[in-house]
Amino acid sequence: MFRSVDEVAARLAETGYLASPAVATTVFLADRLGKPLLVEGPAGVGKTELAKAVAEVAGAELVRLQCYEGVDESRALYEWNHAKQLLRISAGRDESWDETRTDIFSEEFLLPRPLLTAIRGDAPKVLLIDETDKADVEVEGLLLEVLSDFQVTVPELGTITATRRPFVVLTSNASRELSEALRRRCLFLHIGFPDEELERRIVRLKVPGLGEALAESVVRVVGALREMELRKVPSVAETIDWARTLLALGADTLDETVVRDTLGVLLKHQDDILRAAAKLDLDAV
């Protein structure tokens, strides 16, 4: 998809995703080497948005597996359309079981889920395995076959191998440690909070109506909040939400009243809001 690291950065920027040199380099290598990309970092720093941006610049279909506790093979790989199978069995009562079984375990009755969908067909795809760390450990075993050989085994149909490998992005908030076997199959990228200059550029890009001075103040205040001992520090997504809030309120500058009244956009816990209101010194930032 990409001929150089600079091309990655330029094309991602066209979609509204400003990539750091480290991000652009790792995306280029994942594409060039055909390796899955494991992206870790705190929530709201752009891990999921990176996969969406890659899909957009590649003109590829985005196939998303949202992980959660309890997600299993039927949700990740495939399942059979049991209702349709029962109707078929009822309609063919005069047939032998061997004839019926051959029919009901065919493509017509197969319901592909994200992992199987991503490796089938010749169209370009980006497979996003989102919040991998929230899935049970057993789910990682399902991923190993897909990420090693890009194939899925359906006992009734045989092994389905990708004719065109998808670009794979796995995201993790590091709520639990992923297995070494899974990590070994991936290139690793950590996305943290951006530096002040990059975050200011992101804010100006996402909230174009915001003035330069106010954007700079927003980024400085958010940076000060991140240095406090809070239950959840504001992410880049919340910085953008706050900038949009200030624009909607018609604020030209940041003062104590505006900041106090809008802290709920940045912080999501009452004790964090109280701590920030008590410790934040606008004159110092």
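Throughout, a residue's number is its position along its own chain's written sequence, starting from 1. Residue-level local features of this predicted model are given only where pLDDT is at least 70; pairs of side-chain atoms are given and counted only at 80 or more, and the full residue set underlies all totals for whole chains, interfaces and linings. Excluded from the side-chain calculations are hydrogens and water; all other atoms, namely the structure's heavy atoms, are used.

(A) Focus on the overall build of the chain. Scanning the chain for helices and strands turns up 14 helices and nine strands. For 285 residues, the compact-globule estimate of 2.2 N^0.38 gives 19 Å, and the C-alpha radius of gyration of the chain, at 24 Å, exceeds that figure by more than 25%. In terms of principal-axis extent, the alpha carbons of the chain reach across some 85 × 45 × 35 Å. Classification of residues uses two cut-offs on accessible area relative to the type maximum, computed with a 1.4 Å probe and protein chains only: under 20% is buried, over 50% is exposed, and between them is partly exposed. The 285 residues of the chain split such that 46% are buried. The contact criterion used is simple: two residues touch if any of their non-hydrogen atoms lie within 4.5 Å. Across the chain, every contact between residues at least 6 apart in sequence was considered, and the portion connecting residues at least 24 apart equals 73%. For every accessible area listed, the method is Shrake-Rupley and the probe measures 1.4 Å; residues are considered covered only by the protein chains on display. Summed over all atoms, the accessible surface of the chain reaches about 14,300 Å², with 50% contributed by carbon and sulfur. Across the chain, the centroid of the 35 positively charged side chains sits 2 Å from that of the 49 negatively charged ones. Numbering of helices and strands runs from the N terminus, with a helix taken as a DSSP run of H or I at least four residues long and a strand as a DSSP run of E at least two residues long. Only C-alpha atoms enter the radius of gyration; for comparison, a globular chain is expected to reach 2.2 Å times N to the power 0.38, where N is the number of residues. Counting rule for charge: Lys and Arg are taken as positive, Asp and Glu as negative, and neither His nor the chain ends is counted. By convention, charge coordinates are those of NZ in Lys, CZ in Arg, CG in Asp, or CD in Glu.

(B) A look at the packing of aromatic side chains. Pairing of aromatic side chains requires ring centres within 6.5 Å, counting the rings of Phe and Tyr and the six-membered ring of Trp. Pairs whose planes differ by under 30 degrees are stacked, by over 60 edge-to-face, and all others tilted. One pass over the structure, following the stated rule, counts two aromatic pairs. A centroid spacing of 6.4 Å and a plane angle of 80° characterise the contact between Tyr78 and Trp80, whose relative ring orientation is edge-to-face. By relative accessible area, which is 8% here, Trp80 ends up buried. Considering the side-chain rings of Trp80 and Phe105, the 5.1 Å spacing of their centres and the 85° angle between planes classify their relative orientation as edge-to-face. One end of the pair, Trp80, is in strand β3 (residues 78–80); the other, Phe105, is in the loop between α6 (97–104) and β4 (110–112), and 25 residues separate them in sequence. Linked through ring pairs, Tyr78, Trp80 and Phe105 together constitute an aromatic cluster. Counting as a charge over the ring demands two things of the Lys NZ or Arg CZ atom: a distance within 6 Å of the ring centre and an angle within 35 degrees of the ring normal. Positioned above the aromatic ring of Phe109 is the side chain of Lys84, whose terminal nitrogen or guanidinium carbon lies 5.5 Å from the ring centre.

(C) Here's a closer look at the sheet that holds strand β8 (residues 167–172). Paired strands are those between which DSSP finds at least two bridges. Taken in spatial order, the five strands line up as β2-β5-β8-β1-β9 in an open sheet, and their pairing is parallel. Of all strands in the sheet, those with a lone pairing partner are β2 (61–66) and β9 (187–190), marking the two edges. Sheet twist, expressed as the mean angle between neighbouring strand axes with direction ignored, is 20°. Pairing geometry for strand β1 (residues 37–40) and β9, over four bridges, is parallel. Lines fitted to the C-alpha atoms define the axes, with helices restricted to the stretch that makes contact. Angles between their N-to-C directions range from 0 to 180 degrees.

(D) Quick peek at the state of the cysteines. When two cysteine sulfur atoms lie within 2.5 Å, the pair is treated as a disulfide. If you walk through the whole model with that rule in mind, you get zero disulfides. With no disulfide of its own, Cys67 has Cys186 as its nearest cysteine by sulfur position, at a separation of 12 Å.

(E) Region of interest: the layout of surface pockets. Quantified by volume, the largest pocket comes out at close to 710 Å³. We place a 1 Å grid over just the protein atoms. Points where a 1.4 Å probe fits but has no way out form a cavity, open points with protein on both sides within 12 Å along at least 5 of 7 lines form a pocket, and any residue with an atom within 4 Å of a point lines it. Taken together, 36 residues line the largest pocket, and the ones lying closest to its centre are Tyr17, Val45, Gly46, Lys47 and Glu49. The element best represented in the lining of the largest pocket is helix α3 (residues 47–58), accounting for six residues. Of the residues contributing to the lining of the largest pocket, the split by class is 17 nonpolar, ten polar and nine charged. Grid points are joined across faces, edges and corners, and a volume is the space filled by probe spheres set on the points. The volume enclosed by the second largest pocket comes to roughly 250 Å³. Forming the boundary of the second largest pocket are 16 residues, of which Met1, Asp31, Arg165, Pro166 and Phe167 lie nearest the centre. When contributions to the lining of the second largest pocket are tallied by element, the ones reaching two or more residues are α2 (21–33) and β8. Looking at the lining of the second largest pocket, its residues break down into ten nonpolar, one polar and five charged. Three categories are distinguished: nonpolar for Ala, Val, Leu, Ile, Met, Phe, Trp, Tyr, Cys and Pro, charged for Asp, Glu, Lys and Arg, and polar for the others, with Gly belonging to the last.

(F) Examining the side chain of Lys47 more closely. Tracing the chain through its elements places Lys47 in helix α3. We define a salt bridge as a side-chain nitrogen of Lys or Arg found within 4 Å of a carboxyl oxygen belonging to Asp or Glu. Within the buried set, Lys47 has no salt-bridge partner at all; the shortest N-O distance to an opposite charge, 6.9 Å, is to Asp130. As used in this structure description, the phrase polar contact means that two N or O atoms lie within 3.5 Å; if the pair is within protein, one of them must be able to donate a hydrogen and the other to accept it, and residues adjacent in sequence are counted only when both atoms belong to side chains. A polar side-chain atom of Lys47 sits 3.2 Å from the main-chain carbonyl oxygen of Gly41. Setting aside chain neighbours within four positions, we find Lys47 in contact with Val39, Glu40, Gly41, Pro42, Thr171, Ser172 and Asn173.

(G) Representation of the pattern of salt bridges. Under the defined criterion, the tally for this structure stands at 19 salt bridges. Glu107 is the partner of Arg120 in a salt bridge, and the nearest nitrogen-oxygen pair spans 2.4 Å. Linking Arg120 in the loop between α7 (114–119) and β5 (125–130) with Glu107 in the loop between α6 and β4, this pair joins segments that are 13 residues apart in sequence. Judged by relative accessible area, Glu107 falls into the partly exposed class, the value being 44%. A salt bridge links Asp271 to Arg231; its shortest N-O distance comes to 3.8 Å.

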